[in-house]
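# Observations on chain architecture
Letter by letter, the chains look like this.
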Amino acid sequence: MPEIAAPKGTRDILPDEFGARRWLLDAHRTVAESFGYRAIETPIIEATDLFIRGVGTDTDIVEKQMFTFEDRGGRSLTLRPEGTAGALRASLGAHLDQEVRPVRVHYAGPFFRAERPQAGRQHQFTQVGIECIGEGSPALDAEIVEVAWRFFAALGITGIRLQVNSLGGPEDRARYRTALVEYYTPLEATLCDDCRRRLHTNPLRLLDCKRDAGLVEGAPLLWDSLDGASRDHFTAVLRDLEAAGIDAIRNDRLVRGLDYYSDTVFEFWHDTLQGAQSSLGGGGRYDGLAELLGFPETPATGYALGVERILMVARTLGTVPGVEPAAEVLVCSVEPDQAGAAAAMARLLREAAARTVLDVADRRLDRKLRGAGRVGARVAVIVGENEVAGASAVVRDLDSRSQQTVPVAELAATVARILGGDS
Ligand code: HAM
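Residues numbered from 1 in each chain as written. Predicted model: local features only at pLDDT ≥ 70, side-chain atom pairs only at ≥ 80, totals over all residues. Heavy atoms only, no water.

### Overview of the site of the ligand
Convention followed: A cutoff of 4 Å decides nearness: a residue is near a molecule or strand if any of its heavy atoms lies inside that distance of it. Pairs of N or O atoms are called polar contacts if they sit within 3.5 Å, as long as, within protein, a hydrogen donor faces a hydrogen acceptor (for residues adjacent in sequence, only side-chain-to-side-chain pairs). Shrake-Rupley sampling with a 1.4 Å probe provides the accessible areas, and residues are treated as covered by the protein chains on show and by no other component. Helix and strand assignments come from DSSP, with helices taken as H or I runs of at least 4 residues and strands as E runs of at least 2, each series counted from the N terminus. Three classes are used, and their members are as follows: Ala, Val, Leu, Ile, Met, Phe, Trp, Tyr, Cys and Pro are nonpolar, Asp, Glu, Lys and Arg are charged, and the others, Gly among them, are polar.
Close to the ligand lie 26 residues; Glu82, Thr84, Glu115, Glu131 and Tyr261 are nearest. Here a nitrogen atom of the ligand and a side-chain polar atom of Glu82 are 2.7 Å apart. For the ligand, whose free accessible area comes to 660 Å², the fraction covered by protein is 96%. Among the elements of the structure, strand 6 (124-133), strand 10 (279-285) and strand 11 (300-306) are those that each provide at least two residues to the shell around the ligand. In the shell around the ligand, the residues fall into eight nonpolar, eleven polar and seven charged.

Here is the structure:
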């Protein structure tokens, strides 16, 4: 029978890769929590309506990228393509905003989009993110950008190009949409198929077109459609970013691919990533989303970052820590008769916090010792007939090849000295 492979667009994370992933996830948790964000986990399946109403029907995500299915009761469910709508639904549904405002939450987990798989684009991918729910202050837009900025710094990632823009409020956007339609309508015949459709469904997305880039150059500027309050909000964000020592690049064409944004939007770009996948992550303010989901109007802001893309950049820059070996110590019996004594010693070492693998298989000692190298152990503890009789063990330093016989009572301390580098 043919072997079963992982589904298209998915990847296994094998043990050698897991250390890097854990390093990234730990750094994100530590940085987010240093700003007072608390962990949240929401379901991987959600009502399809959450994304139709939240992300927007005219977005690529809802139009063509969702994994949607019916449950046995005929309800439409979707594997979450993003985390903001779910985090907002969970926080407001549990009235967290009535305890503290703003509610600060962080998350990490799998997300699903049926995009054409290629480097940096998978069907299943991982995001880390934060959401700050309940206040409209521009200082919070700057705060979330700062969390991401400190996170990239904690990973040693340099060369991030932070792109920022303001989409203004609903009225600003309506004005801008009109200006865009006026500009593009006489050019309709020259537009690509996608753009001709966007002109009627979601004109803001015309700015995302790579094929009609020349036309994008000449399109009206969003800034010119913003009213005074929206401009003040954005100016305050830029000022706060500067005060935090964060270099922001104003990008008038940045519109993002989800419909729920208002005012501040941003993306983190890196030159080592190519083309469509050049964004490590992004986010912004989404003051209108709560109402779309049926909750009272609640301002909010947040970001999400792609874990696999960040790891690609960190690998290119060489900042990922080395692979952690499985164990520090291998305990082995010389013959099956000493299996019980060897197991007791392994327990003792684990209690003393040494990562310990036990090998009591019925095979030659030199083979077992070769296995020590494969699990990455630096110390071998060998238990033979004489050792059992003398309540002792042979401790071998696998780097220096020196060995000594020590009483069981001194075993943990001897091993700790070797692992600590002062044998
Ligand atoms: P997004 O820009 O759609 O934003 O996704 C954020 C990041 O997730 C992307 O920049 C990318 O790194 C990663 N990503 C997205 N799709 C894929 C894929 N198919 N394969 C690999 N990585 C991918 C959001 O999801 C918003 N929820 C961000 C947000 C939070 N806005 C406010 N709060």
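What follows picks up the thread again.
### Some points on the domain arrangement of the protein
Inclusion rule: Per the annotation, domain bounds derive from an automatic or database assignment of domains.
Domain boundaries assigned for the protein yield domain 1 (15-168 + 226-317) and domain 2 (329-418). A separation of 49 Å is found between the C-alpha centroids of domain 1 and domain 2.

### Digging into the pairing of strand 12 (residues 329-333)
Where we set the bar: Summary of the burial criterion: residues with accessible area below 20% of their type's maximum are buried, those above 50% are exposed, and those between are partly exposed, where the area comes from a 1.4 Å probe applied to protein chains only. What makes two strands pair is DSSP finding at least two bridges between them. Convention used here: a crossover is right-handed provided that the path from the first strand, over the helix, to the second strand proceeds clockwise when the strands point away from the viewer.
Counting buried positions over the five residues of strand 12 gives five, a clear majority of the element. Strand direction decides the pairing type here: strand 12 and strand 13 (residues 356-359), joined by four bridges, are parallel. Across the sheet, the residue bridging to Val329 is Thr356, located in strand 13. After leaving strand 12, the chain enters helix 12 (residues 339-351) and then returns to the sheet as strand 13, a path that is right-handed. Examined bridge by bridge, strand 12 and strand 14 (residues 379-383) share five bridges and lie parallel to one another.

### Some thoughts on the pattern of salt bridges
We count it as follows: Only one rule defines a salt bridge in this text: a Lys or Arg side-chain nitrogen within 4 Å of an Asp or Glu carboxyl oxygen.
Counted according to the given criterion, the structure contains 28 salt bridges. Between Asp359 and Arg363 there is a salt bridge; the shortest N-O distance is 2.9 Å. Since its relative accessible area comes to 40%, Arg363 is described here as partly exposed.

### Examining the pairing of strand 4 (residues 76-79)
Bridge analysis of strand 2 (residues 45-47) against strand 4 gives three bridges, and the strand direction is antiparallel. Paired with Ala47 across the strands is Leu77, a residue of strand 4. Alignment of strand 3 (residues 68-70) against strand 4, held across three bridges, turns out to be antiparallel. Within strand 4, the residue paired with Thr68 across the bridge is Thr78. Two successive antiparallel strands, strand 3 and strand 4, enclose a turn made up of five residues, where Gly74 displays a positive phi of approximately 80°.

### Let's talk about the nonpolar core
Quick note on the threshold: The definition of a nonpolar core used throughout is a set of buried Ala, Val, Leu, Ile, Met, Phe, Trp, Tyr and Cys residues joined through side-chain atoms within 4.5 Å. Contacts are residue-level and defined by heavy atoms, with any inter-residue pair within 4.5 Å sufficient.
One finds Leu88 and Tyr184 to be the most contacted residues of the largest nonpolar core, which totals 46 residues. By residue number, the principal contributor to this core is helix 4 (residues 84-93), which donates five residues. Once residues within four sequence positions are removed from consideration, Tyr184 is found in contact with Leu191, Leu199, Leu206, Leu215, Val216 and Ala219. Ala32, Val128, Ala148 and Phe152 belong to the second largest nonpolar core, which has 38 residues in total.

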